[in-house]
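So you can see what is in the structure, the chains are spelled out below.
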Amino acid sequence: MVMTHDEAYSFYNAKHFWWVETLCTGNTHWFNFLAMKTCILFGLEKANQLRWFTLLSSGVFLTTAYFWIKSFKDLPTKVFAFACTLLNPFLIDYLSLARGYSTALMFEVLSITCYYLALKSNIRNLSILSLFLAGMAAIANFNFFYFFAAFSLLYFYKYYLKQGFDFLKEKLFYLELIYAFGIATLVIKALQFITTCSNDIGAYGAEDLVTGVFMGYVHTWIYHDGILSISIIQILAYVLCVIVVLASICGIRFSKQHKCAWYTFASSLLLIMLSLTIFNRWCFDVLYPTYRTAFMFYPVIAMVLVGFMNAVLTKPKLKAIVTYAVSALLAIHFLTTISLHKSFDYWQQSDTKTCFTYLDSIGAKKVGIAPELFGVYRNYYQLTDKYKFKFDGKSINTAFPNGLDASQKELQQYEYLVLFPPYNLSFYKNNRVKFQGVKYYKNTGALVIAIR
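Quick notes on the rules
Residues numbered from 1 in each chain as written. Predicted model: local features only at pLDDT ≥ 70, side-chain atom pairs only at ≥ 80, totals over all residues. Heavy atoms only, no water. Pairing = 2+ DSSP bridges. Helix = DSSP H or I, 4+ residues; strand = E, 2+ residues; numbered from the N terminus. Core = buried A, V, L, I, M, F, W, Y, C linked by side-chain atoms within 4.5 Å. Buried < 20%, exposed > 50% of the residue type's maximum accessible area, 1.4 Å probe, protein only. Phe/Tyr/Trp six-rings, centres within 6.5 Å; stacked < 30°, edge-to-face > 60°. Disulfide = S-S within 2.5 Å. Axes fitted to C-alpha atoms, helices over the stretch in contact; angles between N-to-C directions. Polar contact = N/O pair within 3.5 Å; in protein donor to acceptor, adjacent residues only side chain to side chain. Salt bridge = Lys/Arg side-chain N within 4 Å of Asp/Glu carboxyl O. 1 Å grid on protein atoms, 1.4 Å probe; cavity = no way out; pocket = protein on both sides within 12 Å on 5 of 7 lines; lining within 4 Å. Points joined across faces, edges and corners; volume = space filled by probe spheres on them. Nonpolar A, V, L, I, M, F, W, Y, C, P; charged D, E, K, R; others polar.

(A) Highlighting the pairing of strand S4 (residues 435–441). Pairing between S4 and strand S5 (residues 446–451): six bridges, direction antiparallel. Note that in S5 the partner of glutamine 436 across the bridge is alanine 450. In textbook terms, the turn of a hairpin is the stretch between consecutive antiparallel strands, and for S4 and S5 this stretch comprises four residues, one of which, glycine 445, has a positive phi near 90°.

Structural data, given as structure tokens:
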């Protein structure tokens with residue numbers, strides 16, 4: 001994929017670093033920022049080079065998922081776990097883009113893995129590592145603070161509160177408590193700074209839990225708009241919510257029967273995470289996470305669903321029929337929807353490089369660019385040392401009631417306009433201005449017109 005809008009803004013901040021502007025936006029994911037900055041210092045500014053840390057994190061995430069899937073004894077469960085966990089085109093998007101989600105997912109699954117292995121082998125150092133990795137997940141992406149908070153509650157209950165008050169004599173307890181409060185303070189202060197400075201995170205979210213976490217989950221799994229109506233997606237979201245919550249309750253309630261420690265832990269983790277989002281909404285009026293901001297739920301939801309299926313379907317033939325049928329549907333849907341050149345959230349920019357290269361090839365000098373495409377032009381291409389374009393581009397707003405913005409109303413300064421649907425040039429209908437369509441990109445609807 002070509003560089004996308006949010007990646008371009010991260011590149012802009014890394015290229016021309018000013019700490020206020022960088023920390024003022026929720027778009028800055030700290031580990032991703034450092035990885036981008038490292039690339040820029042070495043002159044590596046291609047899209048795939050800037051995504052190196054995302055791809056490394058994704059490799060670790062997928063490797064961890066592989067060993068988890070491999071741990072199942074029967075093939076039907078392995079197939080279902082693979083389909084349920086990884087055959088999600090929206091997940092694949094963010095395992096590829098230079099954002100902080102892939103890194104946070106890596107730290108989350110490593111944290112869960114280390115905690116489970118610590119319980120299984122009784123190696124204390126592994127549990128300490130699990131808490132550290134959970135904190136790194138919250139730093140990698142602030143949305144994962146819900147995971148870190150829920151994990152910390154379970155962690156301190158297991159290793160300290162459950163044992164009585166003797167932990168007050170342990171030095172390790174205070175060190176881990178300082179670490180946990182340190183991570184919490186850092187994330188909360190960073191979020192307060194962003195809210196005060198720009199509040200670009202305050203409006204992104206949902207009003208209720210189901211339409212936030214679960215509707216976003218279903219919609220992004222479907223991936224393409226128009227396949228199902230919003231009302232059907234909403235119904236599916238409520239169904240998924242009921243299934244996941246019931247599966248989580250069963251994971252805790254019947255832990256002695258199924259004897260699957262990671263299923264019980266994932267169930268507890270998920271219910272606490274959901275409870276924390278409800279608490280934040282009721283007490284602090286924080287919107288529910290949704291779509292990409294709900295990524296921290298993806299691994300634990302997959303674990304709960306797989307654990308529930310494995311516990312309920314005890315007859316081999318019935319398990320094989322159900323798991324293979326569901327897995328086949330998920331696989332067919334995945335193969336027919338996955339895209340290698342555009343993403344769910346940033347499809348608008350998928351033709352930008354081709355479009356800008358075309359304008360360069362025809363010798364364009366002055367170009368007005370729609371806002372959906374201008375951010376990539378300004379924040380990435382024109383800041384790169386090797387890949388900038390020769391034409392001078394300016395942001396325009398053709399949807400403005402009176403044509404272009406008042407500050408840029410003179411069309412004579414442009415030779416070409418790059419428009420993004422819906423096009424609105426009705427203001428010029430009775431004027432002497434003439435437009436000629438030059439190039440149309442059917443994937444996104446981007447349109448290059450010449451001004452005559």
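And the narrative resumes.
(B) Spotlight on the nonpolar core. The biggest cluster of nonpolar side chains holds 98 residues, and the ones touching the most others in it are Phe147, Phe151, Phe214, Leu269, Phe295 and Phe297. Counting residues per element, this core draws most heavily on helix H8 (residues 101–121), at ten residues. Ala47, Phe356, Ile369 and Tyr416 belong to the second-largest nonpolar core, a separate cluster that totals 35 residues.

(C) Molecular detail of the packing of aromatic side chains. Per the counting criterion, the structure on display carries 51 aromatic pairs. Aromatic side chains phenylalanine 151 and tyrosine 155 sit 6.1 Å apart centroid to centroid with 25° between the ring planes, which places their arrangement in the stacked category. Placement of both phenylalanine 151 and tyrosine 155 in helix H10 (residues 145–159) is noted, with a separation of four residues, approximately one turn of the helix. Of the residues examined, phenylalanine 151 reaches a relative accessible area of 1% and is grouped as buried. By relative accessible area, which is 0% here, tyrosine 155 ends up buried. With a centroid separation of 5.0 Å and 45° between ring planes, the pair formed by tyrosine 155 and tyrosine 159 is classed as tilted. Separated by four residues within a single helix, tyrosine 155 and tyrosine 159 lie in helix H10, roughly one turn from each other. In terms of burial, tyrosine 155 and tyrosine 159 fall into one category: buried.

(D) Fine view of the state of the cysteines. Enumeration according to the criterion identifies one disulfide in this entry. Here cysteine 24 is linked by a disulfide to cysteine 197, with a sulfur-sulfur distance of 1.8 Å. Sign of the S-S torsion, about -105° for the bond between cysteine 24 and cysteine 197, identifies this disulfide as left-handed. Here cysteine 24 is found in the loop between helix H2 (19–23) and helix H3 (30–41), whereas its partner cysteine 197 is found in helix H11 (residues 171–197), with 173 residues between them in sequence. Using a relative accessible area of 12% as the deciding quantity, one classes cysteine 24 as buried.

(E) Examining the sheet that holds S5 more closely. If you walk across this open sheet you meet the five strands as S2-S1-S3-S5-S4, and the pairing is mixed. The strands lining the two open edges of the sheet, one partner per strand, are strand S2 (392–395) and S4. Neighbour-to-neighbour, the strand axes of this sheet turn through a mean angle of 25°, independent of strand direction. As paired elements, strand S1 (residues 366–369) and strand S3 (residues 416–419) share three bridges and run parallel to each other. Across the sheet, residue isoleucine 369 finds its bridge partner in S3, namely valine 418.

(F) Representation of the environment of glutamate 7 within the structure. Tracing the chain through its elements places glutamate 7 in helix H1 (residues 5–15). Once the C-alpha coordinates of glutamate 7 and leucine 97 are considered, the two residues, 90 residues apart in sequence, prove to be 7.4 Å apart. In this structure the side chain of glutamate 7 is engaged in a polar contact, spanning 2.7 Å, whose partner is the side chain of arginine 51.

(G) Representation of the pattern of salt bridges. In this structure the tally under the stated criterion is twelve salt bridges. Ionic pairing is found between arginine 281 and glutamate 207, a salt bridge with its closest N-O pair at 2.3 Å. You can see arginine 281 sitting in helix H15 (residues 261–284) and its partner glutamate 207 sitting in the loop between H11 and helix H12 (209–222), a full 74 residues away along the chain. Owing to a relative accessible area of 15%, arginine 281 belongs among the buried residues under this scheme. Given the relative accessible area of 56%, glutamate 207 is considered exposed. Sharing partners across several salt bridges, the network here consists of Asp6, Arg99, Arg292 and Asp345.

(H) Local environment of the layout of surface pockets. There is about 1,100 Å³ of room inside the largest pocket. What lines the largest pocket is a set of 35 residues, and nearest its centre among them are Phe142, Asn143, Leu191, Ile201 and Val286. For the lining of the largest pocket, the secondary structure elements donating two or more residues are H10, H11 and H15. Among the elements that line the lining of the largest pocket, the one with the most residues is H11, at five residues. Residues belonging to the lining of the largest pocket are distributed by class as follows: 18 nonpolar, twelve polar and five charged.

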